[in-house]
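Listed below, chain by chain, are the residues.
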Amino acid sequence: MISCAQLAAVPALGRCPAGAATAAFPSDGFNGPLFGTDATAITWPAANVPAARLDTLGVDAIDVATNGTTQAVEQARTLLESAHAFRAVTAPSTISDLVREDNSKNSGYQQLANVVILVSLVIAGCTLATGIAAGLADRKRPFSMLRLAGARLATLRRVVALEGAVPLLSVAAVAIGTGFGAAAMFASEAQQHPMVAPGVAYFLLTAAGILVSLGIIAATFPLLARITGPEVARND
C-alpha cells in the first residue's frame, strides 16, 4: 500500500486513481514487474485502506526521488544507510543500479550458454563422425556389391548424405523450436517481458554448427570410396 499524497511527489512510480487516498503497489516494485518499464503512465488500483492506517503497517520499501545527479543519489543513499529506517537485504539501489546488475548477470549467463553450445557442437560432431564411419564399416560389403552391380559412387554418397543430413536437420529444427519456446516462457513468466528475436550472433553460431555438421558428413565420402572396392565384395 502507498499513500497517494506521497506517490504524487514521486511521479516515476506512477499515479493514483482520481479521488483515491491509497493505492496498491507491487511488493517487489522495480525488482519485479516494474523492472525495465516506464511506470510514469501507470495508474495503480485504489486500495481499500485509509491513509491514516498506513503508519500502522510494516514498511516494505522506501522510494526516494532525486534530481538524478551523483551528489543527490549518494547523499540519499548515505542517509538511508545511516538512518537504519528500513532493514533491507541489500544497500539502497537506484533503478540504474538494478539494470546494471541485471545486465551483468545476463552477460554471464550468455557467456556460459555460448561455452555450452560450443562444447556441445564439438561432442555432437565427434559423435556424428563416429556414427557415420561405423555405419559405413558395417555396410561396406553391401555397398561394394552395389558398386559391382553398376551403382555409381556418387549415388552411394547421396545415400550416406541423406542418412546423415535428414536426421541432423530434423533434430536441429526441433531443438531450435524448443529453445525458442523455452525462452519465450522464461521471458514472459520469470521476467514479465515479451520475447525478442536473438541477435545476429545466434543465427551465425547456429548456421556455423549446421554447416560444420554437414562438412563432417561430407568428410566421410573418401572413406566410402576406399572401403567399397571389388576386393571387399569377393567371397573367400
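Relevant structure appears above.
Colleague: Is there a simple way to think about the packing of aromatic side chains in this case?
Modeller: Here the distance between the centres and the angle between the planes together describe a pair of aromatic rings. In this structure the tally under the stated criterion is three aromatic pairs. With 5.1 Å between their ring centres and 70° between their planes, Phe25 and Trp44 make a pair best called edge-to-face. With Phe25 in the loop between strand 2 (22–23) and helix 2 (70–83) and Trp44 in the loop between strand 2 and helix 2, the pair connects residues that are 19 residues apart, well separated along the chain. Joined through ring pairs, the aromatic side chains of Phe180, Tyr202 and Phe203 make up one cluster.

Colleague: Explain the state of the cysteines here, please?
Modeller: One way to say it: the disulfide is the covalent bond shared by the sulfur atoms of two cysteines. Within this structure, the stated rule accounts for one disulfide. The residue that forms a disulfide with Cys4 is Cys16, at a sulfur-sulfur distance of 2.2 Å. Between Cys4 and Cys16, the disulfide has an S-S torsion of -95° and is therefore left-handed. A residue pair is termed long-range when its members are at least 10 positions apart, and Cys4 in helix 1 (residues 4–7) and Cys16 in the loop between helix 1 and strand 2 qualify at twelve residues. The same class applies to Cys4 and to Cys16, which are both buried.

Cut-offs and rules
- Residues numbered from 1 in each chain as written.
- Predicted model: local features only at pLDDT ≥ 70, side-chain atom pairs only at ≥ 80, totals over all residues.
- Heavy atoms only, no water.
- Phe/Tyr/Trp six-rings, centres within 6.5 Å; stacked < 30°, edge-to-face > 60°.
- Helix = DSSP H or I, 4+ residues; strand = E, 2+ residues; numbered from the N terminus.
- Disulfide = S-S within 2.5 Å.
- Buried < 20%, exposed > 50% of the residue type's maximum accessible area, 1.4 Å probe, protein only.

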